[in-house]
Amino acid sequence: MKITVWARGKWRKVTFSVSDELWERIEEVSRKWGFKPEEAVRIILLGGYLDEEADEREIERLGREIGELEGRLYKLEGKWSPLKFRSYYSALDNQNLAITLSGLTAENRRLRRVLNLPERDFSRAEELIHYYMALGDRGFKGETGTGGKRGEDGR
């Protein structure tokens, strides 16, 4: 048997299946104690017996509490949304700067080869490039710039 429970004043509903054996047991117990089967299911779902007046007051109190929490949530979202927007564009700026840095290090290497100057260590710049291009992930292992080698993990 399927039981459908509707939220009061809401469009939401919850449907769950109850085996025939369990439904027969609920009917048997409800007859024994003088309840309707619907009331027995309500008692089971609420975890105890509540009279209608207490239930309505509790629902109203919970509704007010939910309204207050929703108000706090909207205020927090109002503060969080601009931060998220700024951090997204900061990350894009950092990626653009990492691309520029990658191009400049490749150009510096090429010019040093052409001018027969000793090579420089760009490992710190490469770490920054990997960090900002992969947003904190390790990114590619090996050389940076054009023709970089992929690492063992395939990234």
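Reference entry: report on the structure contained in this document.

Calculation notes
Residues numbered from 1 in each chain as written. Predicted model: local features only at pLDDT ≥ 70, side-chain atom pairs only at ≥ 80, totals over all residues. Heavy atoms only, no water. Buried < 20%, exposed > 50% of the residue type's maximum accessible area, 1.4 Å probe, protein only. Helix = DSSP H or I, 4+ residues; strand = E, 2+ residues; numbered from the N terminus. Arc of directions from axis to C-beta. Salt bridge = Lys/Arg side-chain N within 4 Å of Asp/Glu carboxyl O. Phe/Tyr/Trp six-rings, centres within 6.5 Å; stacked < 30°, edge-to-face > 60°.

Residue pairs spaced three or four apart in an α-helix point in one direction, given the helix's 3.6 residues per turn. Ala125, Glu126, Ile129 and His130 are the residues of helix α4 (residues 123–133) that are buried. Viewed end-on, α4 has its buried residues packed into an arc of 140°, placing them on one side of the element.

Let us now look at the pattern of salt bridges. Per the counting criterion, the structure on display carries four salt bridges. Ionic pairing is found between Glu28 and Arg25, a salt bridge with its closest N-O pair at 3.4 Å. Placement of the pair is Glu28 and Arg25 together in helix α1 (residues 20–33), with a separation of three residues, close to one helical turn. Residue Arg25 is classed as partly exposed on the basis of its relative accessible area of 48%.

Under the criterion given, the structure shown has three aromatic pairs. Residues Tyr88 and Tyr89 carry aromatic rings whose centres are separated by 5.1 Å and whose planes lie at 80° to one another, so their mutual orientation is edge-to-face. A relative accessible area of 40% places Tyr89 in the partly exposed class. Measuring from centroid to centroid gives 5.0 Å for Tyr131 and Tyr132, while their planes differ by 85°, and the two rings are edge-to-face. Judged by its relative accessible area of 28%, Tyr132 falls in the partly exposed class.

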